[in-house]
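Observations on the three-dimensional arrangement
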Amino acid sequence: MISSCSKIIGALGIAAVLAAFPTTCTPSRADTQTEPVVVSTVFDGDTIVVVRGGREVTIRLIGVDTPETGRPDTPVQFYGPEASDFTRRALLGNKVRLEFEAPGRPGGATDKYGRTLAYIITGDGTNFNLELVRLGYGRTYTKYPFQYQRAFEKAEAVARKAGLGMWDKNKRAAWSDPVRRGKVIGNIRSHIYHLPGQDGYDRVRERNRIYFPTEEEAQKAGFWKARN
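The residue numbering used here restarts from 1 in each chain and proceeds along that chain's sequence as written. Side-chain atom pairs in this predicted model are given and counted only at pLDDT of 80 or more, local residue features only at pLDDT of at least 70, and totals for whole chains, interfaces and linings cover all residues. To obtain the side-chain values, all non-hydrogen atoms of the structure were used and water was disregarded.

**Quick look at helix H3 (residues 80-91)**
- By the criteria applied, helices consist of DSSP H or I runs no shorter than four residues and strands consist of E runs no shorter than two, each listed in order from the N terminus. Helix span is expected to be 1.5 Å times the residue number reduced by one. In this model H3 runs 16 Å from its N-terminal to its C-terminal C-alpha over 12 residues, within 8% of the 16 Å that 1.5 Å per residue would give.
- Burial classes follow relative accessibility: with a 1.4 Å probe on protein chains only, a residue under 20% of its type's maximum area counts as buried, one over 50% as exposed, and anything between as partly exposed. Those residues of H3 that fall on the buried side of the exposure criterion are Gly-80, Pro-81, Ala-83, Ser-84, Asp-85, Thr-87, Arg-88 and Leu-91.
- By definition, residues are in contact when any of their heavy atoms lie within 4.5 Å. Those residues of H3 that are buried are in contact with strand E1 (37-44), strand E2 (47-52), strand E5 (95-99), strand E6 (116-121), helix H4 (128-134) and strand E10 (209-212).
- Following H3 by one or two positions, Gly-93 adopts a phi angle in the positive range, close to 85°.

Structure, rendered in structure tokens:
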């Protein structure tokens, strides 16, 4: 089945598509191949769990690679907590649809860890995988070709040029400097932030930490102050 996105790209060319549809290029309802499923868990920016057919299925998002936060023996990477937090806020508990690549695609239907490979299509028709790249929460993953690859690569180029998210050089520099990145620690799972000296300040797991320079910045990001 040829997606509506593919038809538009074929007719107009990728530059024209992105100019006409600057936020995202999304498949039509006919292109999604499953009934709505509920997102039950978010592991990190590009890996989630959905309830499908009465059982939980781990989904690895096609075409995007977000910085690591929870892989064993891998340190938390720059902008990993932000990517995880964005995916959790956008998807957790919500109904989405899954779209798959055609059978026989190089790379298969599952990855080496047994995770199902899919695009996440939100309720308003947004291709969430592409949205992660467009907003700078991840880079295009091109080990295996995929149908929207040109759109993903174009979106990444735009995000890089604009310095969005993980491409922001100032944010990256601050991440490497404990003084600049701030001493207010937020927990991306509970959305509670801790100040130095509070109980629990040092107990937030590194994979769940996000740093803020001030309480005001934490509150703007939707975090609440710990009561103790």
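Picking up where we left off.
**Notes on the sheet that holds strand E8 (residues 184-187)**
- Strands are treated as partners if at least two bridges between them are detected by DSSP. Ordered by their spatial adjacency, four strands build an open sheet running E10-E8-E9-E11, and the pairing between neighbours is mixed. Each end of this open sheet is capped by a strand with a single partner; those strands are E10 and strand E11 (224-225).
- Bridging between E8 and E10 involves four bridges; their strand directions are antiparallel. In the strand pairing of E10, Ile-185 is matched with Tyr-211.

**Points about the sheet that holds E6**
- The strand order around the closed barrel built from five strands is E1-E2-E3-E6-E5, with neighbouring strands paired in mixed fashion. Sheet twist, expressed as the average angle between the axes of neighbouring strands with direction ignored, equals 55°.
- Judged from the three bridges that link them, E5 and E6 form a sheet pairing that is antiparallel. Counted as the bridge partner of Leu-98 is Ile-120 from E6.
- Convention adopted: a line fitted to C-alpha atoms gives each axis, helices being fitted over their contacting stretch, and angles between N-to-C directions are expressed from 0 to 180 degrees. Packing of H3 onto the sheet brings it into contact with E1, E2, E5 and E6, and relative to E1 it is tilted by some 165°.

**Section: the nonpolar core**
- One finds Ile-48, Val-50, Ile-59, Leu-61, Leu-98 and Ile-120 to be the most contacted residues of the largest nonpolar core, which totals 34 residues.
- At the level of secondary structure, the elements contributing two or more residues to this core comprise E1, E2, strand E3 (55-61), H3, E5, E6, H4 and helix H5 (149-162).
- It is E6 that provides the largest number of residues to this core, a total of five residues.
- Discounting residues that sit within four places of it in the chain, Leu-61 has contacts with Gly-45, Asp-46, Thr-47, Ile-48, Ala-118, Ile-120, Phe-128, Asn-129 and Leu-132.
- For our purposes a nonpolar core is just a set of buried Ala, Val, Leu, Ile, Met, Phe, Trp, Tyr and Cys residues, chained together by side-chain atoms within 4.5 Å. Counting residues in each nonpolar core, the second largest holds eight residues, with Ile-188, Leu-195, Phe-212 and Phe-223 among its members.

**Focus: the confidence of the model for the protein**
- On average, residues of the protein carry a pLDDT of 86, and 84% of them reach 70 or more.
- Across residues 1-32, where pLDDT falls below 50, the model places 50 contacts with residues more than four positions away in sequence or in other chains. Note on scores: pLDDT gives the predictor's confidence for each residue, bounded by 0 and 100.

**Concerning the environment of Ala-218**
- Considering the arrangement of structural elements, one finds Ala-218 in helix H8 (residues 215-220).
- Each C-alpha atom, one on Ala-218 and one on Ile-185, is 8.6 Å from the other, the two residues being 33 residues apart in sequence.
- Excluding its chain neighbours within four sequence positions, the residues that come into contact with Ala-218 are Val-184, Tyr-193, Phe-212 and Phe-223.

**Some details on unusual backbone geometry**
- Here Tyr-79, not a glycine, exhibits a phi torsion of approximately 70°, which is positive.
- Tracing the backbone shows Tyr-79 in the loop between strand E4 (64-65) and H3.
- The residue His-191 is not glycine, and still its phi comes out positive at about 60°.
- With respect to the helices and strands, His-191 occurs in the loop between E8 and strand E9 (192-194).

**Focus on the environment of Arg-181**
- Within the fold, Arg-181 resides in helix H7 (residues 178-181).
- With residues up to four places along the chain from it excluded, the contact list for Arg-181 reads Ala-174, Trp-175, Tyr-211, Phe-212 and Pro-213.
- Any pair of N or O atoms that falls within 3.5 Å is considered a polar contact. Within protein, one atom must be able to donate a hydrogen and the other to accept it, and sequence-neighbouring residues count only if both atoms are side-chain atoms. For Arg-181, the side chain forms a polar contact with the main-chain oxygen of Trp-175, separated by 3.5 Å.

**Section: the side chain of Asp-111**
- Within the secondary structure layout, Asp-111 lies in the loop between E5 and E6.
- For Asp-111, the side chain forms a polar contact with the main-chain nitrogen of Tyr-113, separated by 2.9 Å.
- For Asp-111, the residues in contact, after removing those within four places along its chain, are Arg-60 and Leu-117.

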